[in-house]
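Reading the structure
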Amino acid sequence: MTGRPDAQDLRALSQEELETAYRKALDLAARLLAYRALSARALRDKLMDGLLQIPCTRLNGGRENRLCTNVNISFGGIEGEGLLLLLDMNGVAGSSGSACTSGSLDPSHVLLSIGLEHGIAHGSLRLSLGADTTEEDIDYTLSVVPKVVERLRAMSPVWQEWSDDERAGKNL
């Protein structure tokens with residue numbers, strides 16, 4: 001069966017052929033989405049586990065019931081502005097507030113509403129993973145963040161006020 005000569009001998013698909021092609025496309029898209037979600041979840045978990053090795057660090061939100069591309073973590077004894085500045089200088093992009101107030105220096109209203117102290121919420125870091133995020137990106141981030149946190153804590157009067165015992169075991 002061929003199409004009309006004025007349509008380069010192409011013909012339109014039948015309704016049944018269109019439905020079959022559409023179902024196939026949806027199936028392929030769903031499989032790709034599931035694969036990407038598994039990959040992103042593995043990278044996210046590696047990032048969370050690595051960041052939680054830093055003393056006085058708290059994961060904000062549940063470990064399982066969260067987006068596979070989101071990590072929100074708080075570091076005791078530091079402020080978000082300094083954290084973001086030093087991370088940016090080292091090529092790591094993040095945010096300190098909530099997504100809807102990314103231009104603001106205020107801590108996330110969500111973190112405050114779940115009961116986090118202002119000082120802890122102010123030291124939060126939100127990192128997002130994208131489709132192009134690689135394991136090398138995660139490894140690099142995990143090599144930079146602990147150094148930045150340590151540097152900021154060395155200058156922080158809040159961190160200095162905590163006793164050694166509190167710093168060693170403070171549960172944020």
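In what follows, the structure referred to is the one given above.
The model shown is predicted, which means the values in this text are computed figures rather than measured ones.

**Focus: the overall build of the protein**
Of regular secondary structure, the protein possesses 7 helices and 3 strands. For the protein, the succession of helices and strands along the chain, N to C, is α-β-β-α-α-α-β-α-α-α. By the burial criterion, 34% of the 172 residues in the protein qualify as buried. Residue pairs in contact within the protein that sit at least 24 positions apart in sequence constitute 66% of those at least 6 positions apart.

**Some words on the sheet that holds strand 1 (residues 57-59)**
Spatially, 1-2-3 is the arrangement adopted by the 3 strands of the open sheet, whose pairing is antiparallel. Edge positions in the open sheet fall to strand 1 and strand 3 (124-128), since each of these has one partner strand only. When strand polarity is set aside, the average angle formed by the axes of neighbouring strands in this sheet is 25°. The sheet contact formed by strand 2 (residues 70-75) and strand 3 spans 5 bridges and is antiparallel.

**Regarding the pairing of strand 2**
Taken across its 6 residues, strand 2 has 6 buried, putting it largely inside the fold. Every second residue of strand 2 is oriented toward a common face, with Asn-70, Asn-72 and Ser-74 on one face and Val-71, Ile-73 and Phe-75 on the other, all of them buried.

**Details of the side chain of Ser-124**
The residue Ser-124 is located in strand 3 in this model. From its side chain, Ser-124 meets the backbone oxygen of Ser-96 in a polar contact 2.8 Å long. The residues touching Ser-124, leaving out its near neighbours within four places in the chain, are Asn-60, Asn-72, Ile-73, Ser-74, Leu-83, Ser-95, Ser-96 and Leu-111.

**With respect to the packing of aromatic side chains**
Enumeration according to the criterion identifies 0 aromatic pairs in this entry. A cation over a ring is seen here: Arg-153 above Trp-159, with NZ or CZ 4.2 Å from the ring centre.

**Some remarks on unusual backbone geometry**
Of note, the phi angle at Cys-56 is positive, near 55°, even though the residue is not glycine. Along the chain, Cys-56 turns up in the loop between helix 1 (15-51) and strand 1.

**Some remarks on the nonpolar core**
In terms of nonpolar packing, the biggest core is built from 24 residues, with Leu-47, Leu-51, Phe-75, Leu-83 and Leu-87 touching the most fellow members. If you list the elements that add at least two residues to this core, you get helix 1, strand 2, helix 2 (80-89), strand 3 and helix 5 (135-155). Looking at which element gives the most residues to this core, the answer is helix 5, with 7 residues.

Thresholds, definitions, all that
Residues numbered from 1 in each chain as written. Predicted model: local features only at pLDDT ≥ 70, side-chain atom pairs only at ≥ 80, totals over all residues. Heavy atoms only, no water. Helix = DSSP H or I, 4+ residues; strand = E, 2+ residues; numbered from the N terminus. Buried < 20%, exposed > 50% of the residue type's maximum accessible area, 1.4 Å probe, protein only. Contact = heavy atoms within 4.5 Å. Pairing = 2+ DSSP bridges. Axes fitted to C-alpha atoms, helices over the stretch in contact; angles between N-to-C directions. Polar contact = N/O pair within 3.5 Å; in protein donor to acceptor, adjacent residues only side chain to side chain. Phe/Tyr/Trp six-rings, centres within 6.5 Å; stacked < 30°, edge-to-face > 60°. Lys NZ or Arg CZ within 6 Å of the ring centre and 35° of its normal. Core = buried A, V, L, I, M, F, W, Y, C linked by side-chain atoms within 4.5 Å.

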